[in-house]
Amino acid sequence: MSQPKTTTVEVNGFPCRVWSKGSGRKVGFLAGLGGLPRWLPFLDKLAETRTVIAPSLPGYPGATGHTELDSHLDWVLAVRQLIDKTGLAGADLIGASVGGAFAAEMAAIFPGYVRKLVLIAPFGLFDDKEPATDPWAQRKDVLPGLMCANAAKWSELVAPPEGANSTEWPIEMTRASEAAARAFWPLGNTRLEKRLGLIEAPTLIVWGEADAILPQGYAQKFVSGIGRSARVETVTGAGHLAYLDQPDAVSKAALAHLS
């Protein structure tokens, strides 16, 4: 697996790493919990036929600036800057988990910015009759099994990448968790349901059959909220971060929808 090209853009004066690879029509990827400590097989699958652009959200691995974002609007506008500065305006967009919520916000608030949309178990909703699991309240040893059906996939994601400082790396991952918590605490609820009906882009909702963070019922809530051509595809053998568990199946579903 060859490495992607690395560039940097500034959001609110802070650097955010951008990875890109492949050729063809652009597709953006906003990662889920844990961000992108390393390039993934899922992204390599996409890059076989598309130009993949994966910017790091503020505070995630490869980026800073999350402490300047004090409200949900601040976060939405920061993501808008990332979309603008990476040339993704008007392109296809894939978002997972916390990144999925932001991808949905882009499609709802700035409809001309997203051609087609793929949401992989996105955050943003909450139902007290079917509560989500709070990922920020879990013991470290429990978290891998909640994030992925194959717990080892999460452990591989967050392990120090080649060249990382072993002392500073845990701090960087803690910062990523803090950034997500600042954006989505408590329980990932950003009242996104009020804006789902504004999404015009054809939307595929991908859900891991074994998602232990967000209940399966949330997939239908997204479809009902978006309406129009939104549909769900369930991936067997996959947890919350389905693109880690089943990169082939998730990339195949995404590319078919984005064709």
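Up top you'll find the structure we're talking about.
Residues numbered from 1 in each chain as written. Predicted model: local features only at pLDDT ≥ 70, side-chain atom pairs only at ≥ 80, totals over all residues. Heavy atoms only, no water.

### Here we look at the nonpolar core
For soluble globular proteins, nonpolar side chains are generally found buried alongside one another.
No. 1: Ranked by size, the top nonpolar core spans 90 residues in total, and within it Phe 29, Phe 42, Leu 43, Ile 94, Leu 117, Ile 120 and Tyr 243 carry the most contacts.
No. 2: Once residues lying within four places of it in the same chain are set aside, the contact partners of Ile 120 are Phe 42, Ile 94, Gly 95, Ala 96, Ser 97, Val 206, Ala 242, Tyr 243 and Val 250. (Core = buried A, V, L, I, M, F, W, Y, C linked by side-chain atoms within 4.5 Å. Buried < 20%, exposed > 50% of the residue type's maximum accessible area, 1.4 Å probe, protein only. Contact = heavy atoms within 4.5 Å.)

### Remarks on the layout of surface pockets
If a probe as big as a water molecule is rolled over the atoms, it shows which places are left empty.
No. 1: In this model, the largest pocket occupies a volume close to 600 Å³.
No. 2: Lining the largest pocket are 24 residues, with Lys 140, Leu 143, Trp 154, Val 158 and Met 173 positioned closest to its centre.
No. 3: Mapped by element, the contributors of at least two residues to the lining of the largest pocket are α4 (143-147), α5 (151-158) and α6 (169-184).
No. 4: No other element matches α6, which puts seven residues into the lining of the largest pocket.
No. 5: Partitioned by chemical class, the residues of the lining of the largest pocket number 16 nonpolar, six polar and two charged. (1 Å grid on protein atoms, 1.4 Å probe; cavity = no way out; pocket = protein on both sides within 12 Å on 5 of 7 lines; lining within 4 Å. Points joined across faces, edges and corners; volume = space filled by probe spheres on them. Helix = DSSP H or I, 4+ residues; strand = E, 2+ residues; numbered from the N terminus. Nonpolar A, V, L, I, M, F, W, Y, C, P; charged D, E, K, R; others polar.)

### Things to note about empty space enclosed by the protein
No. 1: What the rule picks out here adds up to two cavities of 30 Å³ or more.
No. 2: If you add up the space inside the largest cavity, you get close to 60 Å³.
No. 3: Lining of the largest cavity is provided by Arg 17, Leu 30, Ala 31, Gly 35, Leu 36, Ala 54, Pro 55, Ser 56, Leu 57, Tyr 60 and Pro 61.
No. 4: Per-class residue counts for the lining of the largest cavity are eight nonpolar, two polar and one charged.

### Brief notes about helix α7 (residues 217-226)
No. 1: The complete set of buried residues in α7 reads Tyr 218, Ala 219, Phe 222, Val 223 and Ile 226. Viewed along the axis of α7, the buried residues span an arc of 145 degrees, placing them on a single side of the element.
No. 2: For α7, the elements touching its buried residues are β6 (114-120), β7 (203-208) and β8 (231-235).
No. 3: Two residues or fewer after α7 comes Gly 227, characterised by a positive phi angle close to 70 degrees. (Arc of directions from axis to C-beta.)

### What to know about the environment of His 257
No. 1: By secondary structure assignment, the location of His 257 is in helix α9 (residues 247-258).
No. 2: On a C-alpha basis, the gap between His 257 and Pro 161 in space is 32 Å, while along the polypeptide they are 96 residues apart.
No. 3: Residues within four places of His 257 in sequence aside, it is in contact with Lys 116, Leu 117, Val 118, Pro 202, Thr 203, Leu 204 and Arg 231.

### What to know about the packing of helix α3 (residues 97-109) against α6
No. 1: At their nearest, the axes of α3 and α6 sit 11 Å apart, and the two run at 45 degrees to each other. Considering the angle they form, α3 stands oblique to α6. For the element pair α3 and α6, the recorded crossing hand is left-handed. Judged by residue contacts, Val 98, Ala 101 and Phe 102 of α3 engage Ala 180, Ala 183 and Phe 184 from α6.
No. 2: Taken together, the residues of the contact of α3 with α6 break down into six nonpolar, no polar and no charged. (Axes fitted to C-alpha atoms, helices over the stretch in contact; angles between N-to-C directions. Parallel < 35°, antiparallel > 145°, perpendicular 65-115°, else oblique. Left-handed = near helix turned anticlockwise from the far one by under 90°.)

### Focus on the side chain of Asp 134
No. 1: Here Asp 134 lies in the loop between β6 and α4.
No. 2: One buried charged residue, Asp 134, remains without a salt bridge, the closest side chain of opposite sign being Arg 139 at 14 Å.
No. 3: One polar contact links the side chain of Asp 134 to the main-chain amide nitrogen of Trp 136, over a distance of 2.9 Å. (Lys, Arg positive; Asp, Glu negative; His and termini not counted. Salt bridge = Lys/Arg side-chain N within 4 Å of Asp/Glu carboxyl O. Polar contact = N/O pair within 3.5 Å; in protein donor to acceptor, adjacent residues only side chain to side chain.)

### Here we look at the packing of aromatic side chains
Two descriptors summarise a pair of aromatic rings, namely the distance from one centre to the other and the angle between the planes of the rings.
No. 1: According to the stated counting rule, one finds 10 aromatic pairs in the structure shown.
No. 2: Ring centres of Trp 75 and Phe 102 lie 5.8 Å apart, and the angle between their planes is 15 degrees; this geometry places the pair in the stacked category. Here Trp 75, found in helix α2 (residues 72-85), pairs with Phe 102, found in helix α3; they are 27 residues apart in sequence, far enough to count as distant. The pair Trp 75 / Phe 102 is uniform in exposure class, with both members buried.
No. 3: Measuring from centroid to centroid gives 5.1 Å for Phe 102 and Phe 184, while their planes differ by 55 degrees, and the two rings are tilted. Residue Phe 102 is located in helix α3, and its partner Phe 184 is located in helix α6; the two are separated by 82 residues in the primary sequence. (Phe/Tyr/Trp six-rings, centres within 6.5 Å; stacked < 30°, edge-to-face > 60°.)

### Some thoughts on the sheet that holds strand β2 (residues 14-21)
No. 1: Across the sheet, which stays open at both edges, the eight strands sit in the order β1-β2-β4-β3-β5-β6-β7-β8 with mixed pairing between neighbours. What marks the edges here is a single partner per strand, and that holds for β1 (5-11) and β8. On average, adjacent strands in this sheet sit at an angle of 25 degrees to one another, irrespective of strand direction.
No. 2: Sheet topology note: the strand β3 (residues 26-30)/strand β5 (residues 91-96) ladder contains four bridges and is parallel. Pairing of Leu 30 across the sheet is with Gly 95, part of β5.
No. 3: On the sheet, α2 packs against β1, β2, β3, β4 (51-55) and β5 and is oriented at approximately 135 degrees with respect to β1.
No. 4: Those strands touched by α9 are β3, β5, β6, β7 and β8, and its axis lies near 155 degrees from that of β6. (Pairing = 2+ DSSP bridges.)

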